[in-house]
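# Breakdown of the fold
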Amino acid sequence: MSAKLEMNSVDAAELPPEIIAQRHALTDSVKAASRAAAACPSVDSDMKVLFGGAEFGKNNEIVKAFTNALHDLEHGLGPNNDIVRNLDNAKHDLEHGPGPNNEIRKLGRRLGL
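Throughout, a residue's number is its position along its own chain's written sequence, starting from 1. It should be noted that, the model being predicted, local features are given only for residues of pLDDT at least 70 and side-chain atom pairs only at 80 or more, the latter also being counted only at that level, while totals for whole chains, interfaces and linings use all residues. Just so you know, side-chain values use all the structure's heavy atoms and leave hydrogens and water out.

### What about the overall build of the protein chain?
In DSSP terms, a helix is any run of H or I states spanning at least four residues, a strand is any run of E spanning at least two, and both are numbered starting from the N terminus. Tallying secondary structure elements over the protein chain gives 4 helices and 2 strands in all. Counted from the first residue to the last, the protein chain has its helices and strands arranged as α-β-β-α-α-α. Note on contacts: a residue pair is in contact if any heavy atoms of the two residues lie within 4.5 Å. In the protein chain, 57% of the contacts between residues at least 6 apart in sequence involve partners at least 24 apart. By element, 59% of the accessible surface of the protein chain is carried by carbon and sulfur atoms, the whole surface being about 9100 Å². All accessible areas in this document rest on Shrake-Rupley with a 1.4 Å probe, and a residue is counted as covered only by the protein chains that are shown.

### Quick notes on helix H2 (residues 61-75)
Any helix carries an expected span of 1.5 Å times its number of residues minus one. A rise of 1.5 Å per residue sets the reference length of H2, with its 15 residues, at 21 Å; its end C-alpha atoms lie 21 Å apart and thus fit the reference within 8%. Buried within H2 are the following residues: Val63, Thr67, Leu70, His71, Asp72, Glu74 and His75. Once H2 ends, the next one or two residues include Gly76, with phi positive near 85°. Only protein chains enter the accessibility calculation, which uses a 1.4 Å probe; a residue is then buried when its area is under 20% of its type maximum, exposed when over 50%, and partly exposed in between.

### Brief notes about a nonpolar patch on the surface
Surface patches are defined over residues having more than 30% relative accessible area and no salt bridge, joining like charges when they lie within 9 Å and nonpolar side chains (Val, Leu, Ile, Met, Phe, Trp, Tyr) when within 5 Å. Salt bridge, as used here, is a side-chain nitrogen of Lys or Arg placed within 4 Å of a carboxyl oxygen of Asp or Glu. A surface patch of nonpolar side chains, amounting to about 300 Å² of accessible area, comprises Leu77, Ile83 and Leu87. Position of Ile83 relative to the elements: it lies in helix H3 (residues 82-96).

### Considering the pattern of salt bridges
Within this structure, the stated rule accounts for 2 salt bridges. With a shortest N-O distance of 2.9 Å, Arg85 and Asp82 are connected by a salt bridge. Of this pair, Arg85 and Asp82 both sit in helix H3, 3 residues apart, which is roughly one turn of that helix. Judged by relative accessible area, which is 47%, Asp82 ranks as partly exposed. Between Lys106 and Glu103 there is a salt bridge; the shortest N-O distance is 3.2 Å.

### Notes on the confidence of the model for the protein chain
pLDDT expresses, on a scale from 0 to 100, how confident the predictor is about each individual residue. Mean pLDDT over the protein chain stands at 76; residues scoring 70 or higher make up 75%. The secondary structure element of the protein chain with the lowest average pLDDT is strand S1 (residues 49-51), at 68, and the one with the highest is H3, at 89. For residues 4-8, every residue scores under 50 in pLDDT, and the model assigns this stretch 12 contacts once sequence neighbours within four places are set aside.

### Notes on the environment of Gln22
Along the polypeptide, Gln22 turns up in helix H1 (residues 17-39). For Gln22, a relative accessible area of 52% corresponds to the exposed category. In the structure, Gln22 is positioned 51 residues away from Leu73 in sequence and 9.0 Å away in space, judged by C-alpha atoms.

Next comes the structure, spelled out in structure tokens:
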């Protein structure tokens, strides 16, 4: 498993020093584990793990979610993150009113309101 930890942060807000320190410590730990795995010739880079009859490989959805979570911890949530998009949409609806494709407005039209 690998994580892209060298990307630039998308979080422009100033973070508290303890959060920055935690993110850097996590990144250093993951990088060290990655180097250790790369240095060990017995570790197959395409290794799969069996857990309770379920197989987890590098392209497994759980592994992808974990990798994405590591990235979000290091760099913050990106603009296409589901949470960010939904919060932005809710903010826009509160400031400007719901648009014509808003689910509540669609339901109202179907009910004839």
